[in-house]
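# Architecture and fold: a report
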Amino acid sequence: MLRDKATGFQRYRRTMTMLRFLSAMLLGFTLLTASLPAQAASAVVTVNGTPVTDVQLAQRLALHKIEGKGNRTAALNELINEVLQIQEAERLGYTVSEAEIDNAVLDVARQIKVSASNLSKILTDNGVPMSTLRARLKASLAWSRVTQQVVSARVNVSEADIDAKAKAELTAANSFDYILKEVLFIGGNASARTGQANKYRKSFKGCDSAVELSLSYTDAAVRDIGRRHATQFPDALANELAKLNVGGITKPRVVEGGVSMLAVCAKETSQDTTYIANNIRQETGSAGMKAEADKYLAELKAKAQIIKG
């Protein structure tokens, strides 16, 4: 019996020793694997010492796929450009805060008419972490600072050319100054409100009685718009106004908040190019800024050390 007990005790010791050995091996293996990254990223390209990894590229490709694009070269070029843009902004001392990026994310969400949380879900459901979008927005904000402060100095806009182009855009329809009132049928069904507006229009006798006539209708308002030049309106509306005499009123059109008509209280010929010139100036400036910004980025890329792999 004593021998049996001794044999059992030895088996127990051998078993415990083996368990301790296995436990030590398991602990070592666990520590080893824990020290490794979940997904090893390797550089696809290095831009002035800053790596662009295969993980970043895969995530940007996924973002492009959501946007209806899917070209690997385009995605890689976009990432390279963003590295250069941020590097240049940092060289010039321009920084982008996390709060600014947060606001930019909200702007993106508003543009596609979703909440910020839904935008995040759309991205993650398609394999795009929010960090990918934030990286793009950070580069965009940084580059905007560079273009506003540096590139804008390169853009020259000829006022003589703008004036000549503005005068060339004047037509018979947009060569009038008006004093206008707006008659607005607020809310409700657009079709029903348009019918009421047409009824009002048939009874309209001029601006002096516009308010009194509106009192016959529910939720109808009259407001003074004041002096406006034809060039401030879309072409279709400018053409309609040009055909009206003082005391006339435009056809109803559906607008945000209801149905609107414009009543002509005064009208005179005026070849004012102020608004046309402002539009041309903005368009010319924007086109010039983009061209110079693209040129500046190309210069940065030509000077950069871009190493593949």
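Right, let's get into the overall build of the protein. Counting its secondary structure elements, the protein contains eleven helices and seven strands. The buried share of the protein, taken over its 309 residues, is 34%. In the protein, of all internal contacts separated by at least 6 residues, the share reaching a separation of at least 24 is 73%. Accessible surface for the protein amounts to roughly 19100 Å². Of this, 54% is attributable to carbon and sulfur atoms.

A word on the pattern of salt bridges. Applying the stated rule across the entire model yields 16 salt bridges. Ionic contacts of the salt-bridge type, sharing partners, join the residues Arg60, Glu67, Lys69, Glu78, Glu82 and Arg136 into one network.

Here four bridges tie strand E1 (residues 43–47) to strand E2 (residues 50–53), and the two strands are oriented antiparallel to one another. Of the residues in E2, the one forming a bridge with Val45 is Val52. Here E1 folds back onto E2, and the loop between the two strands holds two residues, one of which, Asn48, carries a positive phi near 50°.

All right, on to the layout of surface pockets then. The space that makes up the largest pocket amounts to roughly 300 Å³. As for the largest pocket, its lining consists of 16 residues, and the residues nearest its centre are Gln56, Arg60, Leu79, Glu82 and Ala135. The class makeup of the residues in the lining of the largest pocket is seven nonpolar, six polar and three charged. Space inside the second largest pocket adds up to approximately 250 Å³. As for the second largest pocket, its lining consists of 14 residues, of which Gln85, Ala139, Ser140, Trp143 and Ser144 are closest to the centre. Contributing elements (two or more residues each) for the lining of the second largest pocket: helix H3 (72–91), helix H6 (130–149) and helix H11 (274–303). With seven residues, H6 is the single largest residue contributor to the lining of the second largest pocket.

Moving on, we get to helix H8 (residues 190–203). Between its first and last C-alpha, H8 extends 20 Å over 14 residues, near the 20 Å set by a 1.5 Å rise per residue. Among the residues making up H8, those that are buried are Arg193, Ala197 and Tyr200. The arc that holds every buried residue of H8, seen down its axis, measures 55°, which confines them to one face. H8 presents Ser191, Lys199 and Lys202 as exposed residues on the side facing more than 90 degrees away from its buried surface. Buried residues in H8 make contact with strand E3 (176–186), helix H9 (210–214), strand E4 (220–229) and strand E6 (258–269). At the N-terminal end of H8, a side-chain oxygen is found 3.0 Å from the backbone nitrogen of Ser191, two or three residues along, and the residue is Asn189.

For the rest of this paragraph, the subject is the sheet that holds E4. Taken together, four strands build an open sheet; the order of strands is E4-E3-E6-E5 and the sheet is antiparallel. Two strands in the sheet have a free side with no partner beyond their single neighbour: E4 and strand E5 (253–255). Recorded for the sheet is a direction-independent mean angle of 35° between the axes of neighbouring strands. Pairing of E3 with E6 involves eleven bridges; the strand directions are antiparallel. Across the sheet, residue Ile179 finds its bridge partner in E6, namely Ala266. Along the sheet face, H8 touches E3, E4, E5 and E6 and points at about 35° away from the line of E6.

For the protein, per-residue confidence averages 83 on the pLDDT scale, and residues scoring 70 or more make up 83% of the total. Low pLDDT (under 50) marks residues 1–38, which in the prediction has zero contacts with non-local residues, meaning those over four places away or in another chain.

We now examine the sheet that holds E2. As summarised here, the arrangement of the three strands in space is E2-E1-E7, forming an open sheet in which the pairing is antiparallel. With one partner strand each, in any of the chains shown, E2 and strand E7 (306–308) form the two edges of the open sheet. Here the strands of the sheet are splayed against their neighbours by 20° on average, with no regard to which way each runs. Bridge count between E1 and E7: three bridges; the pairing is antiparallel. Bridge pairing in E7 links Val45 to Lys308. Along the sheet, helix H2 (residues 54–66) makes contact with E1 and E2, crossing E2 at roughly 55°. Together, E1, E2 and E7 form the strand contacts of H3, whose direction differs from that of E1 by roughly 35°.

Note on backbone geometry: most residues besides glycine have negative phi, and most peptide bonds are trans. Here Lys113, not a glycine, exhibits a phi torsion of approximately 60°, which is positive. Along the chain, Lys113 turns up in the loop between helix H4 (98–111) and helix H5 (116–125). Overall, the relative accessible area of 77% leaves Lys113 in the exposed class. Backbone geometry at Asp219 places phi at a positive 55°, although glycine is not the residue there. By secondary structure assignment, the location of Asp219 is in the loop between H9 and E4.

What counts and what doesn't
- Residues numbered from 1 in each chain as written.
- Predicted model: local features only at pLDDT ≥ 70, side-chain atom pairs only at ≥ 80, totals over all residues.
- Heavy atoms only, no water.
- Helix = DSSP H or I, 4+ residues; strand = E, 2+ residues; numbered from the N terminus.
- Buried < 20%, exposed > 50% of the residue type's maximum accessible area, 1.4 Å probe, protein only.
- Contact = heavy atoms within 4.5 Å.
- Areas by Shrake-Rupley, 256 points an atom, 1.4 Å probe, with all protein chains shown as cover.
- Salt bridge = Lys/Arg side-chain N within 4 Å of Asp/Glu carboxyl O.
- Pairing = 2+ DSSP bridges.
- 1 Å grid on protein atoms, 1.4 Å probe; cavity = no way out; pocket = protein on both sides within 12 Å on 5 of 7 lines; lining within 4 Å.
- Points joined across faces, edges and corners; volume = space filled by probe spheres on them.
- Nonpolar A, V, L, I, M, F, W, Y, C, P; charged D, E, K, R; others polar.
- Expected span 1.5 Å × (residues − 1).
- Arc of directions from axis to C-beta.
- Polar contact = N/O pair within 3.5 Å; in protein donor to acceptor, adjacent residues only side chain to side chain.
- Axes fitted to C-alpha atoms, helices over the stretch in contact; angles between N-to-C directions.
- pLDDT = per-residue confidence, 0-100.

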